[in-house]
Amino acid sequence: MSEQTDIVDEGIAVSRENFVARNREVVAAAEEKARARQHPHGRKTARERVLSLLDEGSFTELDRFAGGDIEKGALGSAVITGAGLIDGRPVAVYAQDFSVQGGTLGQVEGDKILRLMDRALALRVPIVALLDSGGARIQEGVTALAQYGRIFKKTTECSGVVPQISVILGPCAGGAVYGPALTDFIIMTKKSSYMFVTGPSVVKAATGEDIGAEDLGGGDLHNSVSGVAHFLAEDEDEALDYARTLLSYLPSHCEEAATLFAYDPAVSEPPNAHLVGDLVPESPKQAYDMVEVVEAIADNEEFLEVQPLFAPSVLIGFASFEGRPAGIVASQPAVDAGTLDVDASEKAARFVQFCDAFGIPVVTLVDVPGYRPGSEQERAGIIRRGAKLITAYATATVPLVTVIIRKAFGGAYIVMGSKSLGADVNFSWPSSQIAVMGSEGAVDIVFRRQLAEAGKEGRDVAEQRAHYQALYEKHSVNPNLSLRGGQLDGLIEPGRTREAIARSLR
């Protein structure tokens, strides 16, 4: 009896060894096939992308052989799902595999992604999607479409609960584009990633327009024109690096406190924070780069800008102060004088709402002359779309710290983190101007009659206008008026801007 048992156990052991060996053979063959298909086009395989994203040796694959048949040498589905670590923190990740049926999504692929998202939601960990797919699998018809619908619903359930990042590393077309559109951040690469609802051939058949994939839905278009994407990487390595850096500023879920960075004043303190005032010209008409201001006051002079190519008259991104991460919203005087338009309003509003969902404080740096005037903006819905920024600030429950750098006029003053919308702490530089409108425009309205009389009497109208401008600035633009009215908590010297922000966040 004992010998018979030993024989059976030995047989089972041999069977297991054979299965494991066959397993390794199939995996190796599949990866070799993937390399042969992807590398000639300058693209990594799905597995290489996952391993590049995660900490070394941390990836645990889930459902590897779902939909496959080891005996027939079939590895399985066109998506890799699993979990791993980024900087020691757990994340869920899935990567579409273009080398398997063009990365198309069917029943098995959808089920794998949904199971992963369910686990990520239950465990409260971020989700990173590496997308490279031909879309829904035509052979599976409505079943594939239904899977996309379920993924969209699950993505929406995860929204605001765990951070979701989509990295587009190939085509993403048809209904599939709405998956990443529902996530928090989209990263694209130059000349290798595309997003469009209908591809070039369908567009030509339907409308007669002859257009290439790059012009229709390439990374440059979605980063600079449509605003669909948030970062344009040079290549896959930079795209994955951006995703890792982005996650370093974010908590793992909405109920977790923001991650604190290691902070050593001797190393992290920006050396020129006390000279930040030198970066800003005195003349309100002279342009400067607000990015330099943010970097001058942030820890390690580091600012991770988000959507730098879209609606550039307003900046959004992440920085830290004494190790505490914060979302940054700032006017950009270097572009259209920092005016707010429909795109800038929506860009800033969405970012403030994201920060609010994940408990990240918002620091607002203001140098805004107003909303961009003109019929184009009115027809584009500046009233409706500009109001989104009001809602974002007014409903935010995270700490809001605002500093008026040089000027804040009209409705733009109100919407850029003003005290009246609920900001917790508002400061201003002593030389800043805060008013309904700038002195030049105001003089022509307030002192219109006096200027007309001066012209009739033969007096120097330009001299009179300068006189009334000085008068208006003294009595209506002085930040002391905002102090007395309770709209400011204090005037701060430019060199103490970082100190005031850090103290407020503490």
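Check the entry above for the structure.
Reading the values: the criteria
- Residues numbered from 1 in each chain as written.
- Predicted model: local features only at pLDDT ≥ 70, side-chain atom pairs only at ≥ 80, totals over all residues.
- Heavy atoms only, no water.
- Helix = DSSP H or I, 4+ residues; strand = E, 2+ residues; numbered from the N terminus.
- Contact = heavy atoms within 4.5 Å.
- Areas by Shrake-Rupley, 256 points an atom, 1.4 Å probe, with all protein chains shown as cover.
- Pairing = 2+ DSSP bridges.
- Axes fitted to C-alpha atoms, helices over the stretch in contact; angles between N-to-C directions.
- Buried < 20%, exposed > 50% of the residue type's maximum accessible area, 1.4 Å probe, protein only.
- Right-handed = clockwise from strand over helix to strand, strands pointing away.
- Arc of directions from axis to C-beta.
- Polar contact = N/O pair within 3.5 Å; in protein donor to acceptor, adjacent residues only side chain to side chain.
- Salt bridge = Lys/Arg side-chain N within 4 Å of Asp/Glu carboxyl O.
- Phe/Tyr/Trp six-rings, centres within 6.5 Å; stacked < 30°, edge-to-face > 60°.

Draft legend 1. Examining the overall build of the protein chain more closely. Looking only at helices and strands, the protein chain has 20 helices and 17 strands in total. When contacts within the protein chain are restricted to residue pairs at least 6 apart in sequence, long-range pairs at least 24 apart make up 71% of them. On the protein chain, roughly 22,900 Å² of surface is accessible, and the fraction owed to carbon and sulfur atoms is 53%.

Draft legend 2. Representation of the sheet that holds strand β9 (residues 231–233) in the model. If you walk across this open sheet you meet the seven strands as β1-β2-β3-β4-β5-β7-β9, and the pairing is mixed. For this open sheet the edge positions go to β1 (60–62) and β9, each flanked by a neighbour on one side alone. Mean inter-strand twist for the sheet, computed between neighbouring axes without regard to direction, equals 20 degrees. The pairing of strand β5 (residues 164–168) with strand β7 (residues 185–189) spans four bridges and is parallel. Each bridged residue has a counterpart across the sheet, and for I168 the counterpart in β7 is M188.

Draft legend 3. Here's a closer look at the pairing of strand β4 (residues 127–131). Counted residue by residue, β4 has five buried out of five residues, so it is predominantly covered. In β4, alternate side chains face the same way, and those of I127, A129 and L131 on one face and V128 and L130 on the other are all buried. Across four bridges, the pairing between strand β3 (residues 89–96) and β4 is parallel. Bridge assignment links Y94 to a residue of β4, and that residue is A129. Sheet analysis places β4 next to β5, joined by five bridges and oriented parallel. Within β5, the residue paired with I127 across the bridge is Q164. One crossover worth recording links β4 to the parallel β5 by way of helix α4 (residues 142–158), and it is right-handed.

Draft legend 4. Region of interest: helix α2 (residues 46–53). Within α2, burial applies to A46, R47, R49, V50 and L53. Down the axis of α2, the buried side of the element spans an arc of 160 degrees, and every buried residue falls inside it.

Draft legend 5. Local environment of the side chain of T339. Tracing the chain through its elements places T339 in the loop between β12 (324–331) and α12 (342–357). The exposure class assigned to T339 is buried, which follows from its relative accessible area of 11%. Among the polar contacts listed, one links the side chain of T339 to the backbone oxygen of D336, at a separation of 3.0 Å. Here the side chain of T339 touches R372 through a polar contact of 3.3 Å, side chain to side chain. Apart from residues lying up to four places away in sequence, T339 is in contact with S313, P369, G370 and R372.

Draft legend 6. Expanded view of the pattern of salt bridges. A complete count under the given rule lists 28 salt bridges for this structure. A salt bridge links R115 to D63; its shortest N-O distance comes to 3.0 Å. Here R115 is found in helix α3 (residues 107–123), whereas its partner D63 is found in the loop between β1 and β2 (79–86), with 52 residues between them in sequence. In this structure D63 comes out as partly exposed when scored by relative accessible area, which is 28%. A salt bridge links E346 to K388; the nearest nitrogen and oxygen atoms lie 2.7 Å apart. With a gap of 42 residues between them, E346 in helix α12 and K388 in helix α14 (residues 382–395) connect regions that are remote in the sequence. Put simply, D118, K153, K154 and E157 are held in one network by salt bridges that share partners.

Draft legend 7. Quick look at the environment of A273. Take A273: it is sitting in the loop between α10 (265–268) and α11 (290–297). Once the C-alpha coordinates of A273 and E499 are considered, the two residues, 226 residues apart in sequence, prove to be 8.9 Å apart.

Draft legend 8. Expanded view of the packing of aromatic side chains. All chains considered together, the criterion is met by eight aromatic pairs. Where Y249 meets F261, the ring centres are 5.1 Å apart and the plane angle is 65 degrees; that geometry is what we call edge-to-face. Placement of Y249 in the loop between α9 (236–248) and α10 and of F261 in the loop between α9 and α10 is noted, with a sequence separation of twelve residues between them. Taking 5.7 Å as the distance between ring centres and 20 degrees as the angle between the ring planes, the aromatic pair formed by Y249 and F318 counts as stacked. Of this pair, Y249 sits in the loop between α9 and α10 while F318 sits in strand β11 (residues 314–321), placing them 69 residues apart in sequence. Clustering of aromatic rings is evident, with ring pairs tying together F185, Y249, F261, F318, F351, F354 and F358.

Draft legend 9. Representation of the environment of V425. Its location among the elements puts V425 in strand β15 (residues 425–428). Residues V425 and V401, 24 residues apart in the sequence, show an inter-C-alpha distance of 4.9 Å. With sequence-adjacent residues up to four places away left out, V425 is seen in contact with L400, V401, T402, K419, D489 and S504.

Draft legend 10. Quick look at the pairing of β11. Counting buried positions along β11 gives eight out of eight residues, so the element sits mostly inside the fold. A two-sided burial pattern is seen for β11, the buried positions comprising V314, I316, F318 and S320 on one face and L315, G317, A319 and F321 on the other. Of the strand pairs in this sheet, strand β10 (residues 304–306) and β11 are connected by three bridges, and their pairing is antiparallel. Considered in β11, the bridge of V306 is made with I316. Pairing of β11 with β12 involves eight bridges; the strand directions are antiparallel. From the neighbouring strand, I316 faces β12, where its bridge partner is V329. In this structure, the hairpin formed by β11 and β12 is closed by a connection of two residues, where E322 is found at a positive phi of approximately 55 degrees.

Draft legend 11. Inspection of the side chain of R406 at higher detail. Relative to the helices and strands, R406 resides in strand β14 (residues 400–409). A residue is classified by how much of its surface remains accessible, and R406, at 5% relative accessible area, is buried. A polar contact is formed between the side chain of R406 and the backbone oxygen of P281, at a distance of 3.2 Å.

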